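Given next are the chains, with one letter for each unit.
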Amino acid sequence: MGDAFKNKRKHKATPGSNMQRAGLDGEPKVRKKKYEAEMFKLQVELVKLQDWAKATNARIVIIFEGRDAAGKGGMIKRIMERVSPRIFRVVALPAPTERQRAQLHAQRYVEQLPAGGEIVIFDRSWYNRGAVEYVMGFCNKQEHGQFLRDCPTFEGFLVSQGIILLKYWLEVSKNEQHKRFLARIEDPSKRWKLSPMDLESHRRWYDYSRARDAMLAATDTPVSPWFIVPSDDKKRARLNCIAHILSSIPYEEIPYAPPKLPPRQKRKGYVEPKQMHRTVPQLW
């Protein structure tokens, strides 16, 4: 693992502290050219992590949670941009079916856990019960309390079985979330992102705050701690979070032996047939 990630200064953030960490206190935003250069370096390291996971049969789980419009989708998109979807796998489960509602709460998530050599990214996870389900009334107070009590034991079991578990809460401010929702309403390319649940989450800001606080208090443990990612500045959030992922996993670069391309086979009389084919219009 590169020294650049080993020696990153640790910062203990808490929900609400992102105004000082997100470039919103007069600090200039990261320029696009600098951002893309740093992102490319991180993505190269993600490929090295991928090779290491495959070579060592490592099992890695990365959880992203946060309010609606906190930036989970953009974060995951940049992580997945240059890696193999056969090793890095994104899990974003839909609402449970009637049968799944009758199962153990974590059962449908357990089915998605990684086998050896896989890295699974949860775009929301079993923590739905700690926030969305509770705030929106899809589970009752007793079920919510039971989840908060049992979750550390469940995650302790995962870790004891050799799974590397990383949990990230993307913390967006009230004003920034409002701006992002308005952008989704006004931008035709983003309207699909705005659901009735998003609108309700905008209204119930403080209900979500209380649920978040209870969830973090109950499930932030030494075995499976939470890491807060201030996300009002999307560029900084992505760079800082991906760098933290890399610094938290003891991967090593697997030696690469570049293959030699074989020569093309001989033509042996092949002639391109003179056929008319439909070609897409060349607009650019």
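For the structure, check the block above.
Throughout what follows, the structure given in this document is the object of discussion. (Residues numbered from 1 in each chain as written. Predicted model: local features only at pLDDT ≥ 70, side-chain atom pairs only at ≥ 80, totals over all residues. Heavy atoms only, no water.)

1. A short note on the overall build of the chain
Selection criterion: For helices the rule is a DSSP run of H or I covering at least 4 residues; for strands it is a run of E covering at least 2, with both sets numbered from the N terminus onward. Exposure is judged per residue with a 1.4 Å probe applied to protein chains only, and the accessible area is read against the type maximum: over 50% gives exposed, under 20% gives buried, and values in between give partly exposed. The contact rule is simple, with two residues in contact once any of their heavy atoms fall within 4.5 Å. For every accessible area listed, the method is Shrake-Rupley and the probe measures 1.4 Å; residues are considered covered only by the protein chains on display. Neither His nor the chain ends contribute to the count of charged residues, in which Lys and Arg are positive and Asp and Glu negative. Throughout, a charge is located at the NZ atom of Lys, the CZ atom of Arg, the CG atom of Asp or the CD atom of Glu.
Per the secondary structure count, the chain includes 11 helices and 5 strands. For the C-alpha atoms alone, the extent of the chain along its principal axes is close to 75 × 50 × 45 Å. In the chain, which comprises 284 residues, the share counted as buried stands at 40%. When contacts within the chain are restricted to residue pairs at least 6 apart in sequence, those whose partners lie at least 24 apart make up 80%. Surface accessibility of the chain: about 17900 Å² in total, with carbon and sulfur atoms responsible for 54%. One finds the centroid of the 52 positive side-chain charges in the chain at a distance of 6 Å from the centroid of its 32 negative side-chain charges.

2. Points about the packing of aromatic side chains
How we decide: Only Phe, Tyr and Trp rings take part, Trp by its six-membered ring, and two of them pair if their centres are within 6.5 Å. Stacked means planes under 30 degrees apart, edge-to-face means over 60, and tilted covers everything else. Consider the ring centre and the ring normal. A charge sits over the ring if Lys NZ or Arg CZ is within 6 Å of that centre and within 35 degrees of that normal.
Inspection of the entire model under this criterion finds 9 aromatic pairs. Between Y127 and W226, the ring centres sit 4.8 Å apart and the planes meet at 65 degrees, which makes this aromatic pair edge-to-face. Highlighted residues: Y127 in the loop between β3 (118–123) and α6 (132–135) and W226 in strand β5 (residues 226–230), separated in sequence by 99 residues. Comparing Y127 with W226, the two get one shared label, buried. Among the aromatic residues, those joined into a ring-pair cluster are Y109, F122, W126, Y127, F147, F154 and W226. Its guanidinium or amino end placed over the ring of W205, R67 lies 3.5 Å from that ring's centre, counting from NZ or CZ. Positioned over the ring face of Y35 is K235, at 5.6 Å from the centre of the ring.

3. Topic: a positive patch on the surface
To keep it simple, the criterion reads: Here the term patch refers to residues with relative accessible area over 30% and no salt bridge, with like charges joined within 9 Å and nonpolar side chains (Val, Leu, Ile, Met, Phe, Trp, Tyr) within 5 Å. Salt bridge, as used here: a side-chain nitrogen of Lys or Arg that lies within 4 Å of a carboxyl oxygen of Asp or Glu.
Judged by side-chain charge, K77, K190, K193 and K234 come together as a positively charged surface patch. Turning to its location among the elements, K77 is positioned in helix α3 (residues 72–80).

4. Structural notes on the environment of Y251
Inclusion rule: Throughout this description, a polar contact denotes any pair of N or O atoms lying within 3.5 Å of each other; where both atoms belong to protein, one of them has to be capable of donating a hydrogen while the other can accept it, and for residues adjacent in sequence the pair is counted only when both atoms sit in side chains.
On the secondary structure map, Y251 appears in the segment after α11 (234–248). Look at Y251 and you get buried, because its relative accessible area is 1%. Taking the C-alpha atoms as reference points, Y251 and A53, 198 residues apart in sequence, are found 7.7 Å from one another. Of note is the side chain of Y251, whose polar atom sits 2.5 Å from the side chain of E45.

5. Focus on α11
Where we set the bar: For a helix, the expected span equals 1.5 Å multiplied by the number of residues minus one.
The end-to-end C-alpha distance of α11, which contains 15 residues, comes to 21 Å, matching closely the 21 Å that a straight helix rising 1.5 Å per residue would cover. Listed as buried for α11 are R236, A237, R238, L239, C241, I242, A243, I245 and L246. Between the side-chain oxygen of the N-cap and the backbone nitrogen of K235 there are 3.2 Å, and the N-cap of α11 in question is D233.

6. Here we look at empty space enclosed by the protein
Applied cut-off: Of the two site types, the cavity is a set of points on a 1 Å grid over the protein atoms alone where a 1.4 Å probe fits but cannot get out, and the pocket is an open set with protein on both sides within 12 Å along at least five of seven lines, each lined by residues with an atom within 4 Å of a point. Grid points are joined across faces, edges and corners, and a volume is the space filled by probe spheres set on the points. Three residue categories are used. Nonpolar comprises Ala, Val, Leu, Ile, Met, Phe, Trp, Tyr, Cys and Pro, charged comprises Asp, Glu, Lys and Arg, and polar comprises the others, including Gly.
This structure, assessed with the given rule, holds 1 cavity of 30 Å³ or more. The computed volume of the largest cavity comes to approximately 30 Å³. The element that contributes the greatest number of residues to the lining of the largest cavity is α11, accounting for 3 residues. Class assignment for the residues of the lining of the largest cavity results in 4 nonpolar, 2 polar and 2 charged.

7. Concerning the nonpolar core
Just so we agree on the cut-off: Buried residues of nine kinds, namely Ala, Val, Leu, Ile, Met, Phe, Trp, Tyr and Cys, make up a nonpolar core once their side-chain atoms join them within 4.5 Å.
L49 and F64 are the most contacted members of the largest nonpolar core, which has 35 residues in total. Every element with two or more residues in this core is listed here: α2 (32–56), β1 (59–66), α3, β3, β4 (164–171) and α11. Not counting the four nearest positions on each side in its chain, L49 is found in contact with I60, F88, I119, L246, I249 and Y251. With 20 residues, the next largest nonpolar core counts V61, C151, W169 and I228 among its residues.

8. Thoughts on the environment of V120
With respect to the helices, strands and loops of the structure, V120 is situated in strand β3. On the accessibility criterion, V120 (0% relative accessible area) is buried. The spatial distance from the C-alpha of V120 to the C-alpha of I87 is 8.0 Å, given a sequence separation of 33 residues. When neighbours within four sequence positions are excluded, V120 is seen to be in contact with I60, V61, I62, R89, V91, Q112, L113 and P114.

9. A short note on the sheet that holds β5
For the record, the criterion: When DSSP locates at least two bridges between a pair of strands, those strands are taken to pair. Note on definitions: angles span 0 to 180 degrees between N-to-C directions of axes, and those axes are lines fitted to C-alpha atoms, for helices only across the stretch in contact.
Taken in spatial order, the 5 strands line up as β2-β3-β1-β4-β5 in an open sheet, and their pairing is parallel. Two strands bound the open sheet, and with one partner strand each, they are β2 (88–91) and β5. Direction aside, neighbouring strands of the sheet carry axes that sit 20 degrees apart on average. Pairing of β1 with β4 involves 7 bridges; the strand directions are parallel. Along β4, the bridge assignment pairs F64 with Y168. Here α2 sits on the sheet in contact with β1, β2, β3 and β4, set at roughly 100 degrees to β2.

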